[in-house]
Amino acid sequence: MAPFYAMTVPEFVAELGLPGRDMFDLEWRLSEGQGALIGHRTGLSEAAVQAMTFRDVVPEARMIIARKNRGHCPLCPTDVHRKPAALPWAFRCPVHSLELREAGGLTLSQTLSPERFTAMEAHMLAGAAVLDDWARGDGQRALGAPGMLAFLTTRHRRASPPSIAEQPRMSLQTRRDYHDFLTTPIARQVLTVVVPEYDQVAPVLAKPVRSGLHALAQSSLLQAFALTVGVGRIVEDPINRVVDVLLASDAEGQGRVRDALKTWPLSPRRRISARFWRAQRDERKRQIVEKATKRCQSQKLRLIQSHKYRHRIS
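Report on the accompanying structure.

Concerning the overall build of the protein
- If you tally the helices and strands in the protein, you get 16 helices and 2 strands.
- The C-alpha atoms of the protein give 27 Å as radius of gyration, which overshoots the globular expectation for 314 residues (20 Å, by more than 25%).
- Projected onto its principal axes, the C-alpha coordinates of the protein cover approximately 110 × 55 × 35 Å.
- Burial status across the protein gives 37% buried among its 314 residues.
- Contacts spanning at least 24 positions in sequence make up 63% of the contacts within the protein whose residues lie at least 6 apart.
- Accessible surface, the protein: about 18,600 Å² in total, of which carbon and sulfur atoms supply 55%.
- One way to put it: in the protein the 46 positive side-chain charges average out to a point 14 Å from where the 31 negative ones average out.

This is the structure:
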């Protein structure tokens, strides 16, 4: 509201009769007296002033609220910070319905490709609904948003340098110049298994995200989108998603994944264990059959010589 009155924020807060108060504290929650005071000075109703705050957000979710817009709408003024844009699962402008742009000017559909973005949008909307319900204290689900985020940010494999598929095309001299980059271990998180599209387009060194709720609080627009899609996919099919992660994990990673699942209810954890055991059993059977087939092929007698030798030449 300060730019509307051609003031800086500290000047505007002092004019309201609240000198020295932190702006973020006022946006978080206003007392009835503060709401009435601001409403009287600005000509707004107290209900309208309170609606601008984040008082309906639970304290646990306060850390994920940004002080400014996480993305930029090309049609909105740069000094206008809308309430929905401060939440990490907002990817479109609430006024113009345009995709928000990152600091570099790219939209998510440009980074991911329009087809891929459209295919992921349904899961994004499902994940955003779950996260929004959790932040407002409504519709608490069995798995819980913090538990799903902790699972998505768990390391399922040992850290390793960029693979050949992750490396850009380089000449031999360029590889020598960027030897440190090519040998830097990268944390391998569950997010890249649940959302492989993110693994394909994210910069190599920027793939890892912070753990738990910090991932949403300190993530880029692309990382927040991938986390939101991951939550939507887990809600849709939690058992198979976790089993896929366990099958892609190494021994240490499986232990970390199981530790992350301890906050989940007992019923889905039992179903995950049973499904994972069956998947391992089927994989062992497949490997036994494959080995037996190879052994039979190697022992099969040849009926025709592969080479015809000349007379008296061995």
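A word on the packing of aromatic side chains
- One pass over the full model with this rule turns up 5 aromatic pairs.
- A ring pair is formed by Tyr5 and Phe12, whose centres lie 5.5 Å apart and whose planes are at 20°; its orientation type is stacked.
- Every member of this aromatic cluster is reached through a ring pair, and the members are Phe4, Tyr5 and Phe12.
- Over the aromatic face of Phe54 sits the side chain of Lys83, whose NZ or CZ is 5.6 Å from the ring centroid.

Comments concerning the pattern of salt bridges
- All told, the structure shown has 12 salt bridges when counted by the stated rule.
- A salt bridge links Asp199 to Lys207; the shortest N-O distance between them is 2.6 Å.
- With relative accessibility at 4%, the residue Lys207 sits in the buried group.
- Across the pair Arg241 and Glu236 runs a salt bridge whose closest N-O atoms are separated by 4.0 Å.
- With a relative accessible area of 53%, Glu236 lands in the exposed category.

Quick notes on unusual backbone geometry
- Residue Ser97 is not a glycine yet carries a positive backbone phi of 60°.
- A positive phi angle is found at Ser113, which is not glycine, with a value near 95°.
- Along the chain, Ser113 turns up in the loop between helix H5 (108-112) and helix H6 (114-135).

Concerning the layout of surface pockets
- Reported here for the largest pocket is a volume of approximately 990 Å³.
- If you trace the largest pocket, you find 27 residues lining it, with Met1, Ala2, Met23, Glu27 and His81 closest to the centre.
- Of all elements in the fold, only helix H1 (9-15) and helix H2 (23-28) reach the threshold of two or more residues within the lining of the largest pocket.
- Of the residues that constitute the lining of the largest pocket, the class distribution is 18 nonpolar, 3 polar and 6 charged.
- The computed volume of the second largest pocket comes to approximately 190 Å³.
- As for the second largest pocket, its lining consists of 15 residues, of which Asn69, Gly71, His72, Cys73 and Val80 are closest to the centre.

Observations concerning the nonpolar core
- The biggest cluster of nonpolar side chains holds 61 residues, and the ones touching the most others in it are Trp89, Phe151, Phe225 and Trp264.
- If one sorts the elements of this core by residue count, helix H13 (residues 221-236) sits on top with 9 residues.
- Beyond its immediate chain neighbours, meaning those up to four positions away, Phe151 contacts Val190, Val194, Ile234, Val242, Val245, Val257, Ala260, Leu261 and Trp264.
- Within the second largest apolar cluster, 9 residues are counted, among which are Ala2, Phe12, Val13 and Leu16.

With respect to the packing of H6 against helix H7 (residues 145-152)
- At their nearest, the axes of H6 and H7 sit 10 Å apart, and the two run at 130° to each other. Classified by the angle their axes make, H6 and H7 are oblique. Here Val130, Leu131 and Trp134 of H6 lie close against H7, whose contacting residues are Ala145, Pro146, Met148 and Leu149.

Remarks on the environment of Ser219
- Inspection of the secondary structure assignment puts Ser219 in the loop between helix H12 (213-217) and H13.
- Taking relative accessible area as the criterion, Ser219 reaches 14% and is therefore assigned buried.
- Along the primary structure Ser219 and Met52 are separated by 167 residues, whereas in three dimensions their C-alpha atoms are 24 Å apart.
- Ser219 has contacts with Arg70 and Ala224, leaving out every residue within four places of it along the chain.
- From its side chain, Ser219 meets the backbone oxygen of Ala215 in a polar contact 3.0 Å long.
- From its side chain, Ser219 meets the backbone oxygen of Leu216 in a polar contact 3.4 Å long.

So, how was this worked out
Residues numbered from 1 in each chain as written. Predicted model: local features only at pLDDT ≥ 70, side-chain atom pairs only at ≥ 80, totals over all residues. Heavy atoms only, no water. Helix = DSSP H or I, 4+ residues; strand = E, 2+ residues; numbered from the N terminus. Rg over C-alpha atoms; globule rule 2.2 N^0.38 Å. Buried < 20%, exposed > 50% of the residue type's maximum accessible area, 1.4 Å probe, protein only. Contact = heavy atoms within 4.5 Å. Areas by Shrake-Rupley, 256 points an atom, 1.4 Å probe, with all protein chains shown as cover. Lys, Arg positive; Asp, Glu negative; His and termini not counted. Charge placed at Lys NZ, Arg CZ, Asp CG, Glu CD. Phe/Tyr/Trp six-rings, centres within 6.5 Å; stacked < 30°, edge-to-face > 60°. Lys NZ or Arg CZ within 6 Å of the ring centre and 35° of its normal. Salt bridge = Lys/Arg side-chain N within 4 Å of Asp/Glu carboxyl O. 1 Å grid on protein atoms, 1.4 Å probe; cavity = no way out; pocket = protein on both sides within 12 Å on 5 of 7 lines; lining within 4 Å. Points joined across faces, edges and corners; volume = space filled by probe spheres on them. Nonpolar A, V, L, I, M, F, W, Y, C, P; charged D, E, K, R; others polar. Core = buried A, V, L, I, M, F, W, Y, C linked by side-chain atoms within 4.5 Å. Axes fitted to C-alpha atoms, helices over the stretch in contact; angles between N-to-C directions. Parallel < 35°, antiparallel > 145°, perpendicular 65-115°, else oblique. Polar contact = N/O pair within 3.5 Å; in protein donor to acceptor, adjacent residues only side chain to side chain.

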